[in-house]
Amino acid sequence: MVIYYFCLKGTGGILLEQNLSKDTKKVWAIGGGKGGSGKTLFTANLGVGLARMGEEVIVVDSDLGGANLHTLLGIKYVKHNLNDYLNNTCKIDEIIMPTSVKGLKLISGTNGVLGAANPYFSQKTKMINCFKNLKADYVIVDLGAGSSYNVLDFFNAADEKIVIACPEPTSIQNVYGFLKSAIYRKLSRTFSHNPQVKELITYAVNPKNGKRTETINELSRCIYDADKASHEIFRKTVNDYRPCIIMNMLKNKGEQNIAQGLNLVAKKFLNLEINYLGFLQSDSLIPESVKAMTPFMEMRPGTPISSSLNKIIKRLVRDVEL
Ligand SMILES: Nc1ncnc2c1ncn2[C@@H]1O[C@H](COP(=O)(O)OP(=O)(O)OP(=O)(O)O)[C@@H](O)[C@H]1O
Ligand SMILES: [Mg+2]
């Protein structure tokens with residue numbers, strides 16, 4: 001498939017053409033660290049929006065302790081969930097449920113099943129590979145709160161990494177902390193078979209270490225001095241790591257600038273470029289839609305928040321930078 005994307009550079013724009021198969025960015029992860037920032041709400045409505053555009057979508061609740069994506073989609077009873085697949089009790093097809101929206105299916109997480117919240121790395125790998133092979137145009141994985149290895153591993157394995165932030169300083173701090181943990185986890189796993197480089201990475205993130213390398217660039221220089229071949233892999237891993245950010249619950253458009261501030265800090269300390277995709281306003285319709293167990297994209301498709309989400313979806317699908 002040939003896609004076109006419009007890249008804003010300075011005041012002018014450049015129209016670029018690129019050959020991409022639709023499968024290039026099939027699995028999207030929705031994370032962000034802080035609880036309550038709107039990850040699940042966004043996932044449910046993103047799923048509805050994409051399905052309404054004619055795409056085949058599966059939304060996945062990867063929360064293995066406090067699943068609630070099904071509730072936002074109006075589903076009261078879940079027969080089989082992700083835990084049944086992990087335990088080999090069910091095949092993947094048996095845990096995919098239909099929803100009331102044409103083209104949208106759900107894989108539910110679990111609620112309070114002892115032992116389910118901590119799958120082994122091999123189980124996570126199995127799950128992630130399975131998502132990549134699902135029969136769908138898009139698989140959207142809703143991540144739980146926090147920056148546990150479970151959450152980070154799902155985030156890092158996704159083709160498109162999306163964080164949801166709210167304008168409060170605590171939320172921004174959380175998102176920064178989440179991205180920092182995520183990139184270092186990615187680097188640590190990339191060099192899991194290289195003890196020398198892995199040790200440098202572990203050293204860099206150890207807060208007890210007074211002389212720790214504070215930025216990714218400093219770490220990069222240390223790795224360059226230690227092992228030039230690994231440095232090239234390190235550099236490429238960081239360069240290819242391009243998360244996206246969406247601001248949620250904005251009370252005015254000026255609050256969008258907070259995303260730029262985060263971008264500057266992430267660039268300085270983590271050498272990360274964060275792609276800003278847009279915002280969702282704070283809307284009193286949301287609690288109403290949550291209570292009614294109906295996504296706002298279904299309940300009120302013509303409202304400002306629905307059109308904001310549609311703009312975000314277009315950017316995501318067309319891989320357009322703002
Ligand atoms: N744009 C918005 N406007 C108003 N309220 C919102 C908005 N987005 C989210 N909320 C409110 O925040 C609540 C929490 O949202 P949600 O469950 O999606 O957060 P979460 O990030 O998934 O939390 P957790 O990390 O605990 O899973 C929603 O039930 C809703 O009431
Ligand atoms: Mg959630």
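See the structure above.
The written sequence of each chain sets the order in which its residues are numbered from 1. Chain letters start at A and ligand numbers start at 1, both assigned in the order the entries are written. pLDDT decides what is reported in this predicted model: residues at 70 or higher carry local features, side-chain atom pairs at 80 or more are listed and counted, and totals for whole chains, interfaces and linings draw on all residues regardless. Excluding hydrogens and water, the side-chain values take into account all heavy atoms of the structure.

It is worth spelling out the overall build of the protein chain at this point. Secondary structure elements are taken from DSSP: a helix is a run of H or I of four residues or more, a strand is a run of E of two residues or more, and numbering for both begins at the N terminus. Across its full length, the protein chain holds 14 helices and ten strands. Throughout, exposure labels follow a simple rule: accessible area from a 1.4 Å probe, protein chains only, divided by the maximum for the residue type, with under 20% read as buried, over 50% as exposed, and the rest as partly exposed. Sorting the 322 residues of the protein chain into buried and exposed places 50% on the buried side. The contact criterion used is simple: two residues touch if any of their non-hydrogen atoms lie within 4.5 Å. Pairs at least 24 residues apart make up 71% of the contacts formed inside the protein chain by residues separated by at least 6 positions. Accessible area of the protein chain: about 15,700 Å², with a carbon and sulfur share of 52%. The protein chains shown are the only cover counted for residues, whose accessible areas, like all others here, come from Shrake-Rupley with a 1.4 Å probe.

Fitted lines through C-alpha atoms serve as axes, helices being fitted only where they are in contact, and the angles separating the N-to-C directions of these axes extend from 0 to 180 degrees. Look at helix 7 (residues 169-190) against helix 10 (residues 228-240): their axes get within 11 Å of each other, and the N-to-C directions meet at 145°. Pair helix 7 / helix 10 crosses with right-handed handedness. Contacts from Ile183, Lys186, Leu187 and Thr190 in helix 7 reach Ile233, Phe234, Thr237 and Val238 in helix 10. Here the residues of the contact of helix 7 with helix 10 sort into five nonpolar, two polar and one charged. Take the far helix as your reference; a near helix turned counterclockwise from it by less than a right angle gives a left-handed crossing, and one turned clockwise gives a right-handed crossing. Only Asp, Glu, Lys and Arg are considered charged, only Ala, Val, Leu, Ile, Met, Phe, Trp, Tyr, Cys and Pro nonpolar, and every remaining residue, Gly among them, polar.

Among the nine residues of helix 6 (residues 149-157), seven are classified as buried, and the element is accordingly described as predominantly covered. Considered for burial, the residues of helix 6 that qualify are Asn150, Val151, Leu152, Asp153, Phe154, Phe155 and Asn156. For helix 6, the elements touching its buried residues are strand 3 (27-31), helix 5 (121-132), strand 8 (160-165) and helix 7.

Turning next to a positive patch on the surface. For patch detection, residues must exceed 30% relative accessible area and be free of salt bridges, and they are connected within 9 Å for like charges or within 5 Å for nonpolar side chains (Val, Leu, Ile, Met, Phe, Trp, Tyr). Here, a salt bridge means any Lys or Arg side-chain nitrogen found within 4 Å of an Asp or Glu carboxyl oxygen. Counting rule for charge: Lys and Arg are taken as positive, Asp and Glu as negative, and neither His nor the chain ends is counted. Lysine's charge is taken at NZ, arginine's at CZ, aspartate's at CG and glutamate's at CD. On the surface, Lys253, Lys311, Lys314 and Arg318 cluster together into a patch of positive charge. Looking at the element boundaries, arginine 318 is found in helix 14 (residues 304-318). Judged by its relative accessible area of 46%, arginine 318 falls in the partly exposed class.

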